[in-house]
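# Inside the fold
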Amino acid sequence: MINRILIRIKVVQLLYSYMLTRQDFKVVSAPVNPSRDKRTAYNVYRDVLLMVLDLSGYGVAEREKGLLAEARGNKYLHGNKMAMSLKDDRFFKESLLEGNERVGIYDDVLPDLYREIINSAAYRSYIATKKHDVETDSRFWETILMTTVLNFKPLQAIARDADEANYSLSGFKHGIEMACKTISEFRETDSGYVWARNSLDNSLESAYMLYMGLLRLIVDLTRMQEERLEAGRNKYLPTPEDLNPNTRLVDNRLAKHLAERPELEAYFKSHAFTWTGGDEVMLRTILDRIKASDIYRNYIENQTDDFAVDADFWRQVMRTIILPGDELTEELEERSIYWNDDLHIMGTFVLKTLKQFATNGPDGTTLLPKYKDDEDRAFGQELFVAAIKNKDEYRALIDRFINSATWDSERLAMMDIVIIIAAITELLNYPAIPVAVTLNEYIEIANYYSTGRSGHFINGILYSIINHLVEEGRLVKRDIELKK
């Protein structure tokens, strides 16, 4: 079962990858000593990006309700995900507005431009599209800018009057191209976000496959032993031992039960996975180690022969031979980039399942589901999305409580920042999770994944942030008793 411990680890890993590789959404800076073309291009560039907000029904500066009532009622333009993202990005709008005296110069012609847009072929094609995501929405605006907006003569006339002697037609066109490039970069950034979310799903699915695969490993090792015994019997000159081998292992009731278990059979029909069929060095090596062990010798000498003994044998083998062995670790490294991190937790769940088999028998034991419930199923995606959405606010909180005499905020380990952001996200968005649980989990992650001093550092910062959030009334939990 994928529990919240593993989900937190996965979220931190993907959040770290996303924040390390993402492209910031940046506005082009004003040119230094610009030519006439560059001056026109920069002015038009800022005009056009702010215009996108107005044409989508979102205002800027004092006009927070938006200029166009029609646009606010247009579910396609007002619901455009790219425009909504620009509207919500405070730093983006501020950088466009700072020192900008041109806000509002196009107000008189915007209604006519709006009608040009909704009567365009690009708009008709856009509203006919079934899937409206960031890529579709941003490509729509790139097309509108390079066709309808670029060729809208009243807009060119206003831009010419506003720039007077500094205006150039080529600069006007280049400004619109710059706006398209900014939108394109935004789309690529969002694609990285979508990739990270999909990777989170794939990573969690892979973890569950490892749980099922470790149970399948028992079946495959048993089958290999059966093949060995059959090969011995068919030797040209078989020995008495070959003809009368000890079949305790191949007769193991747990292995037979797992081979016929409906959940396992259904899972591996829909998920391509096997330990056999290719290079079987790992299987042979593990099987040899099992047969050379005291666990195996005690097992075949045990006078008690029942399902519980058979299940306990495999639990001991899994715990002392398979899970700690180098053979499995090396195999996992080749098969999945996720599995070495997952092995400890998934291995623990396999051991719990085998213990249940030994205690409760085959009919009283259920294989663990992928998730405990729907809340756990949604936990990872919700935590990741909330962390991305609020990362700037939470980073500001971190910087606020850093002791500058001890820590340089600009040189903090990225993993430490990511872990604290994930912890703050959980604290503020999951009131049912005790503060102590959140603290302990993320400090443990820091001790494992980050630097030697990270646990102590993260503990101190989180205590300060929690106290601050409590004082502000933003964090209310029954178990809070922080005095630090």
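The rules behind each value
Residues numbered from 1 in each chain as written. Predicted model: local features only at pLDDT ≥ 70, side-chain atom pairs only at ≥ 80, totals over all residues. Heavy atoms only, no water. Helix = DSSP H or I, 4+ residues; strand = E, 2+ residues; numbered from the N terminus. Buried < 20%, exposed > 50% of the residue type's maximum accessible area, 1.4 Å probe, protein only. Contact = heavy atoms within 4.5 Å. Phe/Tyr/Trp six-rings, centres within 6.5 Å; stacked < 30°, edge-to-face > 60°. Lys NZ or Arg CZ within 6 Å of the ring centre and 35° of its normal. Core = buried A, V, L, I, M, F, W, Y, C linked by side-chain atoms within 4.5 Å. Arc of directions from axis to C-beta. Salt bridge = Lys/Arg side-chain N within 4 Å of Asp/Glu carboxyl O. Polar contact = N/O pair within 3.5 Å; in protein donor to acceptor, adjacent residues only side chain to side chain. pLDDT = per-residue confidence, 0-100. Axes fitted to C-alpha atoms, helices over the stretch in contact; angles between N-to-C directions. Parallel < 35°, antiparallel > 145°, perpendicular 65-115°, else oblique. Left-handed = near helix turned anticlockwise from the far one by under 90°. Nonpolar A, V, L, I, M, F, W, Y, C, P; charged D, E, K, R; others polar. Patch = residues over 30% accessible without salt bridge, like charges linked within 9 Å, V, L, I, M, F, W, Y side chains within 5 Å. Areas by Shrake-Rupley, 256 points an atom, 1.4 Å probe, with all protein chains shown as cover. Lys, Arg positive; Asp, Glu negative; His and termini not counted. Charge placed at Lys NZ, Arg CZ, Asp CG, Glu CD.

## Re the overall build of the chain
When helices and strands are counted, the chain shows 24 helices and zero strands. For the chain, buried positions account for 50% of its 484 residues. Considering only residue pairs separated by 6 or more positions, the chain has 79% of its internal contacts joining residues 24 or more positions apart.

## With respect to the packing of aromatic side chains
To describe a pair of aromatic rings, one takes the distance between the centres and the angle between the planes. A full pass over the atoms with the stated rule returns 17 aromatic pairs. Lying across the ring of Phe-379, Arg-4 places its NZ or CZ 4.4 Å from the centre. The ring of Phe-268 carries Arg-216 above its face, with NZ or CZ at 4.8 Å from the centroid.

## With respect to the side chain of Thr-425
Along the polypeptide, Thr-425 turns up in helix α22 (residues 414-429). Residue classification places Thr-425 among the buried residues on the basis of a relative accessible area of 0%. Apart from residues lying up to four places away in sequence, Thr-425 is in contact with Leu-383, Ala-386, Ala-387, Tyr-394 and Tyr-430.

## Things to note about unusual backbone geometry
Outside of glycine, negative phi angles account for most residues, and trans bonds account for most peptide bonds. The residue Asn-33 is not glycine, and still its phi comes out positive at about 45°. Note that Asn-33 resides in the loop between α1 (4-21) and α2 (36-55).

## Looking at the nonpolar core
Core analysis: the largest hydrophobic core is formed by 105 residues, its most contacted members being Tyr-211 and Trp-314. A total of 15 residues in this core trace back to one element, the largest contributor, which is helix α11 (residues 169-233). When neighbours within four sequence positions are excluded, Trp-314 is seen to be in contact with Ile-218, Leu-221, Thr-222, Leu-249, Asn-252, Leu-254, Ala-255, Ile-290, Ile-322 and Leu-354. Within the second largest apolar cluster, 46 residues are counted, among which are Leu-50, Met-82, Leu-113 and Ile-183.

## Observations concerning helix α10 (residues 153-163)
Of the residues making up α10, those classed as buried are Leu-155, Gln-156, Ile-158, Ala-159 and Asp-163. One side of α10 holds all its buried residues, which, seen down the axis, span an arc of 165°. For α10, the exposed residues set more than 90 degrees away from the buried face come down to Lys-153 and Asp-161.

## What to know about the pattern of salt bridges
When the charged atoms of two side chains with opposite charge come close together, those side chains can pair. On inspection of all chains with the given rule, the structure shows 27 salt bridges. When the shortest N-O distance is used, the salt bridge between Asp-312 and Arg-315 registers 3.1 Å. You can see Asp-312 and its partner Arg-315 sitting in helix α17 (residues 307-322), three residues apart, about one turn around the helix. Using a relative accessible area of 26% as the deciding quantity, one classes Asp-312 as partly exposed.

## Some points on the environment of Thr-365
The residue Thr-365 is located in the loop between α19 (339-360) and α20 (374-389) in this model. Sequence separation between Thr-365 and Leu-354 is eleven residues, and the spatial gap between their C-alpha atoms is 9.0 Å. Those residues in contact with Thr-365 that lie beyond four places of it in its chain are Arg-261, Thr-353, Gln-356, Phe-357 and Asn-360. Within polar-contact distance, the side chain of Thr-365 engages the backbone oxygen of Gln-356 at 3.1 Å. Within polar-contact distance, the side chain of Thr-365 engages the backbone oxygen of Gly-361 at 2.9 Å.

## Brief notes about the confidence of the model for the chain
Across the chain, pLDDT averages 86, with 89% of residues at or above 70. Here helix α6 (residues 90-97) stands out as the least confident element of the chain, with mean pLDDT 69; α17 is the most confident, with 97. When the criterion is pLDDT under 50, residues 61-66 qualifies, and its contacts beyond four places in sequence or with other chains add up to 14 contacts.

## A word on the packing of helix α15 (residues 281-291) against helix α18 (residues 326-335)
Where α15 contacts α18, the two axes come as close as 9 Å, and the packing angle between them is 165°. Classified by the interaxial angle, the pair formed by α15 and α18 is roughly antiparallel. The hand of the α15/α18 crossing is left-handed. Contact residues: α15 offers Met-282, Thr-285, Ile-286 and Arg-289, while α18 offers Glu-327, Leu-328 and Glu-331. Each residue belonging to the contact of α15 with α18 can be placed in one class, and the counts come to three nonpolar, one polar and three charged.

## What to know about helix α21 (residues 391-400)
Residues Lys-391, Tyr-394, Leu-397 and Ile-398 constitute the buried set of α21. Within α21, the buried residues cover an arc of 120° as seen down the axis, which keeps them to one side.

## Some points on a negative patch on the surface
A cluster of acidic residues, Asp-326, Glu-330, Glu-333 and Glu-334, forms a negative patch on the protein surface. Inspection of the secondary structure assignment puts Glu-334 in helix α18.

## Focus: the packing of α2 against helix α7 (residues 110-118)
For the pair α2 and α7, interaxial distance at closest approach is 11 Å and the crossing angle is 75°. Here α7 runs roughly perpendicular to α2, going by the angle between their axes. The segment α2 lies against α7, with Met-51, Asp-54 and Leu-55 engaging Leu-110, Leu-113, Tyr-114 and Ile-117. Counted by class, the contact of α2 with α7 contains six nonpolar, no polar and one charged residues.

## Notes on the environment of Leu-6
Its place among the elements puts Leu-6 in helix α1. Classification of Leu-6 by relative accessible area gives buried; the value is 0%. The spatial distance from the C-alpha of Leu-6 to the C-alpha of Leu-204 is 8.3 Å, given a sequence separation of 198 residues. Apart from residues no more than four positions distant in its own chain, Leu-6 is found in contact with Ala-207, Asp-342, Ile-345 and Met-346.

## Some details on the environment of Asp-108
Relative to the helices and strands, Asp-108 is located in the loop between α6 and α7. We classify Asp-108 as exposed; its relative accessible area is 71%. Along the chain, Asp-108 and Pro-154 lie 46 residues apart, while their C-alpha atoms are 9.7 Å from each other.

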